[in-house]
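Spelled out from the first residue to the last, the chains are:
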2 protein chains.
Amino acid sequence: MMTAHDDLKIEQMPQTLREIVLGRMRGAILSGRFASGERLVERTLCDQLGVSRSVVREVIRILEAEGLVETMPNRGPMVATLDWQRAKQIYDIRLLLEQSAACACAEMADAVTKAKLTEALQGIASAFASGQSLTLAEATTGFYEVIFRSAGQDIAWEIVQRLNGRISRLRALTLATKERNVSGLARMTRIHDAILANHPEAAAQAVRDHLTEAASIAERLLKAEGT
Amino acid sequence: MMTAHDDLKIEQMPQTLREIVLGRMRGAILSGRFASGERLVERTLCDQLGVSRSVVREVIRILEAEGLVETMPNRGPMVATLDWQRAKQIYDIRLLLEQSAACACAEMADAVTKAKLTEALQGIASAFASGQSLTLAEATTGFYEVIFRSAGQDIAWEIVQRLNGRISRLRALTLATKERNVSGLARMTRIHDAILANHPEAAAQAVRDHLTEAASIAERLLKAEGT
DNA sequence: TGTCTGATCTTGGTATACCATAAGATGACA
DNA sequence: TGTCATCTTATGGTATACCAAGATCAGACA
């Protein structure tokens, strides 16, 4: 029974407590608030989040399945670490999926898709201008989402998002790199232009260049940090 | 509870109860014991499995993250359903990843890898001979695992396995199809031969043919069943 | 004195009981 | 007969208790 009370009070209803905690913990890991390799002690998290162990444990299972958390037997969960060997694999898979999506999108892009893509690109441009890396990451995500969704590749998009989560720390660093900012927008524009021209090969090539560069920057950063 | 097989294994359980339940429920879904779309009532599962709600709930979260289970708000979890639109996406992604893995494997395959691959192929052949679809599925999985692992693509292999889980019902039907049995082994042999010859393009092409056929069989079966 | 043992603490794993809410089923009453 | 209140069921969420395993440290014994 919907009464006037509900309108005034809260719009948070659709979210379950588990989802809220999931979002918070995911955000804490992605933003680096929980360091890589840090142990996630259940009872401590319960206190910090103000929820019961049941909720925390279920959320940890989800994060574990997402690859953000690793659980060692008899030692409990910890934030997953990332070495270059794994990160490279992730960039390689992204390359395959994003090329394919850009290709498909360029083939079938209609006026509506193109408009959305242009809008997303402008979002990236203004995010570049603002200089906030979080905003930039979101804008970039939005740009790719348009590509995947309009290509009808929902599942591939899910996979890419999950992979992006696992390299989020790298991704933030990469996006924040100076030279990336300069050429990054240019490369995004190339992808955008190729799709608007319905030119699949050019779109795939642009994605390839974009990701190859991102991977090499990430490699440099990761290896510099690792030592 | 304990089957005869378990006696042979180690007394101490390296497996946690959650993992056991996860394996059993995953198996029940993959084997079709839990029908597609069937609701998974927590307390019923507790009775059936003889474990507590904590375990069941955590396992459901994992299966949810794997895409085997979907949870509707205020109605609880149910076994995920699969339409052709989604299945096709999965086959497309598998195509990308398996082509890439076969390619990489063919490029770098050494004597050890080739020996393992031949062994895996013989496993498939004898599974064909035995005619048991479960054994065949396992043997096929083993064959691909050799390819992915030797190519150093652990993460892609994880993704493929997860995707395979989501189309397991289709996969079982596909593998059980008569004509598939005939040409399937031939195509597997082609993949095997191309890798042994260190011929990447041929390996990729063989994978492409293999999966394209599998997808078309799956499409026919799914659409026939759907109506 | 050195080592071994055991008590204790922490953490994870499991089970159970309890409450609140939403949705569907059921039955009573106008 | 139709509508509404209630009842049941199942879920989400919480709290708590118990046990097992590993680590740590202190004390006892050779």
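1. Section: the protein's contact with DNA strand C
- Around DNA strand C, a shell composed of 18 residues is seen, among which Arg43 and Arg53 of chain A together with Leu17, Ser52 and Ser54 of chain B lie nearest.
- Near the protein, meaning within 4 Å, the atoms of DNA strand C are sugar or phosphate in a fraction of 61%, with bases accounting for the rest.
- In this structure, Glu42 of chain A approaches DNA strand C through a main-chain N or O atom, which is 3.4 Å from a phosphate oxygen.
- Measuring from a base nitrogen of DNA strand C, one finds a side-chain N or O atom of Ser54 of chain B at 3.1 Å.
- Counting residues per element, the ones that place at least two in the surface near DNA strand C are helix H3 (42–49), helix H4 (53–66) and strand E2 (76–79) of chain A together with helix H2 (17–30) and helix H4 (53–66) of chain B.
- Within the surface near DNA strand C, the residues separate by chemical class into six nonpolar, five polar and seven charged.

2. Regarding the relation of the copies chain B and chain A
- Superposing chain B onto chain A takes a rotation of 180° combined with a translation of 0.0 Å along the rotation axis, leaving an RMSD of 0.2 Å. Between the two chains, the operation in question is that of a two-fold axis.
- The fraction of interface residues of chain B whose copies in chain A are also interface residues reaches 100%, indicating that both copies meet through the same surface.

3. Overview of the protein's contact with DNA strand D
- The local shell around DNA strand D holds 16 residues, among which Thr16, Leu17 and Val55 of chain A together with Glu42 and Arg43 of chain B are the closest.
- Per the 4 Å cut-off to the protein, sugar and phosphate atoms form 69% of the nearby atoms of DNA strand D.
- Between DNA strand D and Arg18 of chain A, the relevant distance is 3.5 Å, taken from a phosphate oxygen to a main-chain nitrogen or oxygen of the residue.
- Note that a phosphate oxygen of DNA strand D is positioned 2.9 Å from one of the side-chain N or O atoms of Glu42 of chain B.
- Within the surface near DNA strand D, the residues separate by chemical class into four nonpolar, five polar and seven charged.

4. Observations concerning the interface of chain B and chain A
- Contacts between chain B and chain A engage 24 residues on the former and 24 residues on the latter.
- The junction of chain B with chain A conceals about 2200 Å² of combined surface from both sides, 58% of it contributed by carbon and sulfur atoms.
- When the area that chain B buries against chain A is broken down by residue, the three leading residues are Arg61, Gln89 and Ile155 of chain B, summing to 27%.
- Across the contact surface, chain B and chain A share six salt bridges.

5. Here's the deal with the environment of Thr135 of chain A
All names here are of chain A.
- Note that Thr135 resides in helix H7 (residues 133–150).
- The class for Thr135 is partly exposed, based on a relative accessible area of 31%.
- Separated by 11 residues in sequence, Thr135 and Ile124 place their C-alpha atoms 8.4 Å apart.

6. Looking at the confidence of the model for chain A
All names here are of chain A.
- In this model, chain A carries a mean pLDDT of 85, and residues with pLDDT of at least 70 account for 91%.
- Ranking the helices and strands of chain A by mean pLDDT puts helix H5 (residues 84–108) first, with 96, and helix H1 (residues 4–8) last, with 34.
- Below a pLDDT of 50 lies the segment residues 1–13, which in the model reaches one contact outside its immediate sequence neighbourhood of four places, other chains included.

7. Looking at the side chain of Arg18 of chain A
- Residue position: Arg18 of chain A is located in helix H2 (residues 17–30).
- Residue Arg18 of chain A is classed as buried on the basis of its relative accessible area, which comes to 17%.
- Residues contacting Arg18 of chain A, with those up to four places away along its chain left out, are Val55, Glu58, Val59 and Ile62 of chain A together with Arg57 and Arg61 of chain B.

8. Looking at helix H9 (residues 168–176) of chain B
- Taken as a whole, H9 of chain B has its buried residues at Ser168, Leu170, Arg171, Thr174 and Leu175 of chain B. Seen along its axis, H9 of chain B keeps its buried residues to an arc of 155°; they face one direction.

9. A short note on the domain arrangement of chain A
All names here are of chain A.
- Per the domain assignment, the segments making up chain A are domain 1 (14–79) and domain 2 (84–226).
- Spacing between the C-alpha centres of domain 1 and domain 2 amounts to 28 Å.
- Taken residue by residue, the interface counts six residues in domain 1 and five residues in domain 2.
- Together, the buried faces of domain 1 and domain 2 total about 470 Å²; carbon and sulfur atoms form 57% of this surface.
- For the pair domain 1 and domain 2, the interface holds zero residue pairs in polar contact (both at pLDDT 80 or more).
- Split into classes, the residues belonging to the side of domain 1 that touches domain 2 amount to three nonpolar, two polar and one charged.

Rules used throughout
Residue indices follow the written sequence of each chain, beginning from 1 at its first position. Chains carry letters from A onward and ligands carry numbers from 1 onward, assigned in written order. Local features are withheld for residues below a pLDDT of 70 in this predicted model, meaning they are given only at 70 or higher, and side-chain atom pairs are given and counted only at 80 or more; totals for whole chains, interfaces and linings count all residues. No hydrogens and no water enter the side-chain calculation; it runs on all heavy atoms of the structure. Nearness is judged by heavy atoms alone; a residue qualifies as near a molecule or strand once a single heavy atom is within 4 Å of it. In protein, a polar contact requires one atom able to donate a hydrogen and another able to accept it; more generally it is a pair of N or O atoms within 3.5 Å, and residues adjacent in sequence count only if both atoms are side-chain atoms. For helices the rule is a DSSP run of H or I covering at least 4 residues; for strands it is a run of E covering at least 2, with both sets numbered from the N terminus onward. Put simply, Ala, Val, Leu, Ile, Met, Phe, Trp, Tyr, Cys and Pro go in the nonpolar bin, Asp, Glu, Lys and Arg in the charged bin, and everything else, Gly too, in the polar bin. In this comparison the copies share one frame, found by least squares on the C-alpha atoms of residues holding pLDDT of at least 70 in both. Contact between two residues is taken to exist if any of their heavy atoms lie within 4.5 Å; hydrogens are not considered. Reported buried area values correspond to the accessible surface (1.4 Å probe) lost by two parts on association, with both partners' losses combined. Here, a salt bridge means any Lys or Arg side-chain nitrogen found within 4 Å of an Asp or Glu carboxyl oxygen. Three exposure classes are used, based on accessible area relative to the maximum for each residue type with a 1.4 Å probe and protein chains only: buried under 20%, partly exposed in between, and exposed over 50%. How sure the predictor is of each residue is captured by pLDDT, a score from 0 to 100. The reported arc concerns the directions from the helix axis to the C-beta atoms and nothing else. In this entry, domain limits derive from an automatic or database-based domain assignment.

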